[in-house]
Amino acid sequence: MNTFRKSTPSKSVMFMVNYDDGRTAYLWIDDPAKANDTWAVGVIAQAQQEQGSLPEGTITSIRRVR
């Protein structure tokens with residue numbers, strides 16, 4: 001009997017958001033389908049900025065981390 005259970009892979013996707021002044025922030029997206037769409041990730045990042053979850057500033061790049 002195997003008592004160890006493999007953990008299920010996380011469904012959230014992490015992105016690194018770079019700003020023009022050198023700052024870096026991180027963004028998590030729970031829907032993997034949206035995480036594969038570059039345009040949708042940009043829209044989500046802008047919405048997070050408006051809500052205050054991401055810092056204000058000019059975003060220069062968004063890169064997937066995991």
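Look a little higher up for the structure.
As the structure is a computational prediction, the values presented were derived from the model and not from experiment. (Residues numbered from 1 in each chain as written. Predicted model: local features only at pLDDT ≥ 70, side-chain atom pairs only at ≥ 80, totals over all residues. Heavy atoms only, no water.)

Would you mind going over the pairing of strand E1 (residues 13-19) with me for this structure?
Looking along a regular strand, one sees the side chains alternate between the two faces of the sheet. Burial analysis of E1 places seven of its seven residues in the buried class, which makes it a mostly covered element. Neither face of E1 is left uncovered, since the one carrying Val13, Phe15, Val17 and Tyr19 and the one carrying Met14, Met16 and Asn18 both have all their residues buried. Of the strand pairs in this sheet, E1 and strand E2 (residues 24-29) are connected by six bridges, and their pairing is antiparallel. Note on E2: the bridge partner recorded for Asn18 is Thr24. Counted between consecutive antiparallel strands, the loop separating E1 from E2 contains four residues, among which Gly22 sits at a positive phi close to 95°. Across five bridges, the pairing between E1 and strand E3 (residues 59-64) is antiparallel. Pairing of Asn18 across the sheet is with Ser61, part of E3. (Buried < 20%, exposed > 50% of the residue type's maximum accessible area, 1.4 Å probe, protein only. Helix = DSSP H or I, 4+ residues; strand = E, 2+ residues; numbered from the N terminus. Pairing = 2+ DSSP bridges.)

How do you make sense of the sheet that holds E3 when you look at a structure like this?
The pairing of strands in a sheet comes from backbone hydrogen bonds and takes either a parallel or an antiparallel form. Sheet architecture is open: three strands sit in the order E2-E1-E3, paired in antiparallel fashion. Of all strands in the sheet, those with a lone pairing partner are E2 and E3, marking the two edges. Within the sheet, the average angular offset between the axes of one strand and its neighbour, ignoring direction, is 25°. Set on the sheet, helix H2 (residues 38-51) makes contact with E1, E2 and E3; between it and E2 the angle comes to about 115°. (Axes fitted to C-alpha atoms, helices over the stretch in contact; angles between N-to-C directions. Contact = heavy atoms within 4.5 Å.)

What is shown is where atoms sit, not what they do.
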